[in-house]
Amino acid sequence: MGSVISLIRGSLAFSCYVINTIFWVIPILLVSIIKIIPIGPLRTGCSYILDHCATAWISVNTFIERIFHPVEILIEGDAELSPKEWYMVIANHQSWVDIPVLQRIFNHKIPFLKFFLKQQLIYVPVLGLAWWALDFPFMRRYTSAQLRKNPKLKGKDIEITRKACEKFKYKPVSVMNFVEGTRFTAAKHQKQNSEFKHLLKPKAGGMAFALSAMGGHIHKLVDVAIYYPGNTPSYWDYISGKVKQIRVHIKVSDIASEMRGDYLNDRAFKIGFQDELNRIWKEKDSVLDKLAKQ
C-alpha cells in the first residue's frame, strides 16, 4: 500500500513540476529573445525580469513540495544573507536532490543561483533552454587525450568560464559551483583514494577562474554542507515522499584577497588556492561528520 501511495504522490508531484516549469519557461524564453538586443540597460533590465521569473518558478516548486512530499530541512550555521550581495556558493554534491534543496533554502535570501553546468545539459528538453536563457555557465571540459590531439583546446574551458562570468558583473548574482565536479559515490571515492571521509577531492580551477573573472564583485563565500540521513536519495525518492529530513550547515565568510589571482600562470597562487580549498574541504568533512551524528 505504501509503495502505491508513493507512486501516486510522486506522479502527481512530477506532473505539477512539469506544468510549473513549462508555465515559467515560456516568459523566460520570450524575455531572453529581447535580451539579445545589444543595448546595455535593456539587457540588464531583462536580466532582472528573468531572475524574478526564475525566483517565482522556485517559489511554486517549494509550494508543490509542501503539498505532495513535505521535507523537513534542518539548517544550522550563518544566516546573514542579502539579495543585494554577490556570492560564490560551494557545496558537496551527492544527488540531483541537492539542486532543489539549495534552491529552496536560498530562494529570496540571496540572488538567484546560477549553477555551473556540463555542456551536455543544454540539450535537456525545456530545462536546457531555460538554463541558457538564465545565463547559467555551461562548462566543457576536455580530456587529456583531446588536449594532446588538439593543443589549441588548452585554456578554452577557462575562456568559456571568463565569458560566462563577465555577464554577472552588472547585477547581484550567486554563482553556484559543485567543486567536486561530479556526484559522490563510494566507487568514485575509492577510485580517487580521497583523503576525505564524506567528500571527493575538490577541483579548484573552475572556482578560481570564476573569482578571477568577477574581479572584486564577489565578496562573500557561502559554504554549504548537505547531509541526507540514511541513504543518499534519488530524485524519485525525493518527489515520492521517501525523504523526510535533510540536514544543512551554512557558513558565510569573506573571500580573502589571497583567493584572487592568475590560477593558470601563477604557480605559487595556484598551489596556495588549492591548499585553501583543501582546508575548507577538511572543515566541511568534519561538519558532515557532526551532521551524521545528530
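Parameters and conventions
- Along each chain, the written sequence defines residue order, and numbers are assigned to residues from 1.
- Whole-chain, interface and lining totals are the exception, using all residues; otherwise, since this is a predicted model, local features are given only for residues with pLDDT of at least 70 and side-chain atom pairs are given and counted only at 80 or more.
- Heavy atoms throughout the structure, all of them, feed into the side-chain values; hydrogens and water do not.
- Helix and strand definitions here come from DSSP, where helices need a minimum of 4 consecutive H or I residues and strands a minimum of 2 consecutive E residues; each element is numbered from the N-terminal end.
- Here the globule rule is a power law, 2.2 Å times the number of residues to the power 0.38, and the radius of gyration is based on C-alpha atoms.
- Residue burial is assigned from relative accessible area. The probe radius is 1.4 Å, only protein chains are included, and a residue is buried under 20% of its type maximum, exposed over 50%, and partly exposed in between.
- Contact between two residues is taken to exist if any of their heavy atoms lie within 4.5 Å; hydrogens are not considered.
- Using a 1.4 Å probe, the Shrake-Rupley method yields the accessible areas, and only the shown protein chains count as cover for residues.
- For the purpose of charge, His is not counted, nor are the chain termini; Lys and Arg are scored as positive and Asp and Glu as negative.
- Where a charge lies is defined by one atom per residue type, namely NZ (Lys), CZ (Arg), CG (Asp) and CD (Glu).
- Each nonpolar core is a collection of buried residues, namely Ala, Val, Leu, Ile, Met, Phe, Trp, Tyr and Cys, held together in the definition by side-chain atoms within 4.5 Å.
- Each Phe, Tyr or Trp ring (for Trp, its six-membered ring) is paired with any other whose centre lies within 6.5 Å, and the angle between the two planes then decides the class: stacked below 30 degrees, edge-to-face above 60, tilted in between.
- At least two DSSP bridges between two strands are needed for those strands to be called paired.
- For helices, the fitted axis covers only the stretch in contact; all axes are lines through C-alpha atoms, and the angles between them, taken along N-to-C directions, range from 0 to 180 degrees.
- A patch consists of residues exposed above 30% relative accessible area that lack any salt bridge, with like charges linked at up to 9 Å and nonpolar side chains (Val, Leu, Ile, Met, Phe, Trp, Tyr) linked at up to 5 Å.
- For salt bridges, the criterion is a side-chain nitrogen of Lys or Arg within 4 Å of an Asp or Glu carboxyl oxygen.

Engineer: Which residues make up the overall build of the protein, and what are the values?
Structural biologist: A tally of regular secondary structure across the protein gives 10 helices and 8 strands. Its C-alpha atoms give the protein a radius of gyration of 19 Å, within 12% of the compact-globule value 19 Å for 294 residues. Expressed as a percentage of the 294 residues in the protein, the buried residues total 46%. Expressed as a percentage of contacts within the protein between residues at least 6 apart in sequence, the contacts between residues at least 24 apart total 75%. For the protein, the accessible area works out to roughly 15400 Å², and carbon and sulfur atoms hold 59% of it. Computed over 40 positive and 25 negative side-chain charges, the inter-centroid distance for the protein is 8 Å.

Engineer: Kindly report on the environment of Pro41, identifying the contributing residues and their values.
Structural biologist: Tracing the chain through its elements places Pro41 in helix α2 (residues 40-68). Taking C-alpha positions, Pro41 is 9.8 Å from Tyr170, a pair spaced 129 residues apart along the chain.

Engineer: How would you sum up the nonpolar core? Please name residues and give values.
Structural biologist: Core analysis: the largest hydrophobic core is formed by 48 residues, its most contacted members being Val89, Leu102, Phe106, Phe115, Val224 and Ile246. Per element, the largest residue contribution to this core is 7 residues, and it comes from α2. Those residues in contact with Val224 that lie beyond four places of it in its chain are Val89, Ile90, Ala91, Asn92, Leu102, Phe106, Val248, His249 and Lys284. Ranked by size, the runner-up nonpolar core spans 35 residues in total, among them Cys165, Leu211, Leu277 and Leu288.

Engineer: Residues and numbers for the packing of aromatic side chains, please.
Structural biologist: Counted under the stated rule, the structure contains 8 aromatic pairs. Each ring, one from Phe23 and one from Trp24, has its centre 5.1 Å from the other, and the planes form 85°; the classification is edge-to-face. A relative accessible area of 53% places Phe23 in the exposed class. For Trp24, a relative accessible area of 17% translates into the label buried.

Engineer: Summarise the sheet that holds strand β7 (residues 220-227); cite the residues concerned and give the values.
Structural biologist: Note on sheets: strands pair through backbone hydrogen bonds, and any given pair is parallel or antiparallel. Strand order across the open sheet formed by 6 strands is β1-β8-β7-β2-β6-β3, with mixed pairing between neighbours. Edge strands, defined here as strands with exactly one partner in the open sheet, are β1 (72-77) and β3 (113-115). Ignoring strand direction, the axes of neighbouring strands in this sheet form an average angle of 25°. Pairing analysis gives 6 bridges linking β1 to strand β8 (residues 245-254), with the strands arranged parallel. Within β8, the residue paired with Glu72 across the bridge is Gln245.

Engineer: Any details on the pairing of β7? Residues and values, ideally.
Structural biologist: Side-chain direction in a regular strand flips from residue to residue, so the side chains alternate between the two faces of the sheet. Of all the 8 residues making up β7, 7 are buried; the element is thus mostly covered by neighbouring parts of the structure. Inspection of the sheet shows strand β2 (residues 87-91) paired to β7 by 5 bridges, in the parallel sense. Its bridge partner lying in β7, Ala91 is registered against Val224. The pairing of β7 with β8 spans 8 bridges and is classified as antiparallel. When the bridges of β8 are listed, Leu221 appears paired with Ser253.

Engineer: So what about a nonpolar patch on the surface? Which residues, and what values?
Structural biologist: A cluster of nonpolar residues, Phe14, Val18, Ile22, Ile26, Leu30, Ile33, Trp96, Val126 and Tyr235, forms a patch on the protein surface that exposes about 810 Å² of accessible area. For the nonpolar patch, the element with the most residues is helix α1 (residues 2-35), which contributes 6 residues. Tracing the backbone shows Ile33 in helix α1. Judged by its relative accessible area of 54%, Ile33 falls in the exposed class.

Engineer: Talk me through the pattern of salt bridges; I want residue IDs and the actual numbers.
Structural biologist: A side chain of one charge can pair with a side chain of the opposite charge if their charged atoms are brought near each other. This model, assessed by the stated rule, comprises 10 salt bridges. Here Lys114 ties to Asp51 by a salt bridge, and the two come within 2.9 Å at their closest N and O atoms. Placement of Lys114 in strand β3 and of Asp51 in helix α2 is noted, with a sequence separation of 63 residues between them. Put simply, Glu65 and Arg104 hold a salt bridge, and the shortest N to O gap is 2.3 Å. With Glu65 in helix α2 and Arg104 in helix α3 (residues 98-106), the pair connects residues that are 39 residues apart, well separated along the chain. Classification of Glu65 as buried rests on a relative accessible area of 3%. A single salt-bridge network, built from bridges that share partners, covers Lys251, Glu276, Arg279 and Glu283.

Engineer: An account of the environment of Ile64 is needed here, citing residue identities and associated values.
Structural biologist: Mapped onto the elements of the fold, Ile64 is located in helix α2. Of the residues examined, Ile64 reaches a relative accessible area of 6% and is grouped as buried. Put simply, Ile64 and Asn20 are 44 residues apart on the chain and 9.3 Å apart in space, counted from C-alpha to C-alpha. Not counting the four nearest positions on each side in its chain, Ile64 is found in contact with Ala13, Cys16, Tyr17, Asn20 and His69.

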